[in-house]
Structures are given as C-alpha cells and as structure tokens.
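# Coordinate inspection notes
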Amino acid sequence: MLKLKTVSGRLRKLLLGREQTKVGDGIDQKSRSLLVVDDEESICFSMRDYFSQHGFKVDTAREMEEAEGLIKATDYNVIIQDLRLGLARHPDGIDIIKLVHRRNPDTRIVVLTSYGSPEAEAEARRAGADAFLRKPKPLSQVAQVVQGLIESPRSHAVRPAKHVSA
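First, a word on scope: everything that follows refers to the structure included in this document. (Residues numbered from 1 in each chain as written. Predicted model: local features only at pLDDT ≥ 70, side-chain atom pairs only at ≥ 80, totals over all residues. Heavy atoms only, no water.)

## Observations regarding the environment of aspartate 82
Among the secondary structure elements, aspartate 82 is positioned in the loop between β3 (78–81) and α4 (92–103). It is 4.9 Å that separates the C-alpha atoms of aspartate 82 and threonine 113, two residues lying 31 residues apart in sequence. Beyond its immediate chain neighbours, meaning those up to four positions away, aspartate 82 contacts Val37, Asp38, Asp39, Gly93, Leu112, Thr113, Ser114, Tyr115 and Lys135. (Helix = DSSP H or I, 4+ residues; strand = E, 2+ residues; numbered from the N terminus. Contact = heavy atoms within 4.5 Å.)

Structure (structure tokens):
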C-alpha cells in the first residue's frame, strides 16, 4: 500500500476510497457510479478500464436507446457523454442531458466531444451539462473533472413560485 503521507489530500481521499471499496466497508457505490455514452468503442473501453481501476462501477452505451435504458434503470452519480452518436446530425447528447435531469437532477454530466463549438457548449450548458471538454483529452484530466464534480454536489437553488393570474 502507498504511504499516504506522500500524496495530496484529494488524492489521498481518492486512494482511501478505492481501498475501502475493495475491502467492502459499506461505501455507497452510487457515489462511484458512472455511465460513459460514446459511439466509439475504443473510448468506452478505455474509460471503463480506467475508471473501474479507480473504484468506479462503470456502464457504457454506444447508442441513444441503450443510454436511455441504462439511465432509466440506474441513478448515476456522473455521466460522461459525447454530443453526437453515430452519423446523426442532431446532437443526441442534448436529449440525454435533458432526460438525465428529468430523472435525477443530482447526476453530474461531463460532455466530452469532438464537436466543440462555442454554440454547442452553450446549448449543452443550457440543457444542464456541468463540464464541457474537447476530445482528445487525457483520461487523468477527465478523472480530475469527474472527481471535482463528485466532491461538489449540485446545489439546488430555490426558485420563487410563479403566480398565475386568473
């Protein structure tokens, strides 16, 4: 085991969490649950491998229908997704973001896409994306973003009630 004195506080927490998950000390697995939605098999494979080694339970989906089924069946803590799946001109990822926020508004969403225009980013953020990253991105950087989102849960602002005049 690593000497925990030699690593930073954040990394220390991550490593301790990984060790506790291995031992099975009742760690809440939902807080380590991740969905990767990307039509590129190599990206799904590498992210599943990387995040699984870091204590996450990882599911992957390569198409819209598969992602919808997983989202309806599981409350993920974080979803990493592409904006466009397959050859579709419409960014399916926006629909996924909206579905996630209807089902579980606490789920954090990281968009990881090659289609990184300022307009696409603005649309994704309006739909509820928490982070917008452009491919290619090292897995270690994606993991830092994911860890930051896990450590800072979404705050729900109280919205004033709308009054409807009769």
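## Overview of the packing of aromatic side chains
Across all of its chains, the model carries 2 aromatic pairs by this definition. Ring centres of tyrosine 50 and phenylalanine 51 lie 5.4 Å apart, and the angle between their planes is 80 degrees; on these two criteria the pair is classed as edge-to-face. The partly exposed category is assigned to tyrosine 50, whose relative accessible area is 22%. Phenylalanine 51 sits in the buried class, given a relative accessible area of 1%. Among the aromatic residues, those joined into a ring-pair cluster are Tyr50, Phe51 and Phe56. (Phe/Tyr/Trp six-rings, centres within 6.5 Å; stacked < 30°, edge-to-face > 60°. Buried < 20%, exposed > 50% of the residue type's maximum accessible area, 1.4 Å probe, protein only.)

## Remarks on the pairing of strand β1 (residues 33–37)
With 5 of 5 residues buried, β1 is to be regarded as a mostly interior element. Of the two faces of β1, both are covered, the one formed by Ser33, Leu35 and Val37 as well as the one formed by Leu34 and Val36. Regarding topology, helix α2 (residues 41–53) serves as the crossover connection from β1 to the parallel strand β2 (residues 57–61), and that connection is right-handed. (Right-handed = clockwise from strand over helix to strand, strands pointing away.)

## Topic: unusual backbone geometry
Omega for the peptide link from lysine 135 to proline 136 comes to -10 degrees, which places this bond in the cis form. As for its position among the elements, proline 136 is in the loop between β5 (131–134) and α6 (139–151).

## A closer look at the pattern of salt bridges
Enumeration over the complete set of coordinates arrives at 8 salt bridges. Between glutamate 121 and arginine 125 there is a salt bridge, with the nearest N and O atoms lying 3.2 Å from each other. Residue glutamate 121 and its partner arginine 125 are located together in helix α5 (residues 118–127), separated by 4 residues, close to a single helical turn. Among the ionic contacts, a cluster of salt bridges with common partners joins Asp38, Glu40, Asp82 and Lys135. (Salt bridge = Lys/Arg side-chain N within 4 Å of Asp/Glu carboxyl O.)

## What about the nonpolar core?
Val37, Ile96, Ile97, Val111 and Ala124 are the most contacted members of the largest nonpolar core, which totals 22 residues. Only β1, α3 (64–73), α4, β4 (108–113) and α5 provide two or more residues apiece to this core. The residues touching isoleucine 97, leaving out its near neighbours within four places in the chain, are Gln81, Ile109, Val111, Ala124, Ala127, Gly128 and Ala129. Judged by nonpolar contacts, the second largest core, of 19 residues, contains Cys44, Val78, Leu112 and Leu149. (Core = buried A, V, L, I, M, F, W, Y, C linked by side-chain atoms within 4.5 Å.)

## Looking at a positive patch on the surface
A cluster of basic side chains, namely Lys72, Lys98, Arg102 and Arg103, defines a positive patch on the protein surface. Counting residues per element, the positive patch draws most heavily on α4, which supplies 3 residues. Tracing the sequence through the fold places lysine 72 in helix α3. (Patch = residues over 30% accessible without salt bridge, like charges linked within 9 Å, V, L, I, M, F, W, Y side chains within 5 Å. Areas by Shrake-Rupley, 256 points an atom, 1.4 Å probe, with all protein chains shown as cover. Lys, Arg positive; Asp, Glu negative; His and termini not counted. Charge placed at Lys NZ, Arg CZ, Asp CG, Glu CD.)

## So, the pairing of β4
Burial analysis of β4 places 6 of its 6 residues in the buried class, the great majority of the element. Residues Arg108, Val110 and Leu112 line one face of β4 and the alternating positions Ile109, Val111 and Thr113 line the opposite face, and both faces are buried. When β4 meets β5, the two strands line up parallel, connected through 4 bridges. The residue of β5 that forms the bridge with valine 111 is phenylalanine 132. Between the parallel pair β4 and β5, the chain is carried across by α5, and the sense of this crossover is right-handed. (Pairing = 2+ DSSP bridges.)

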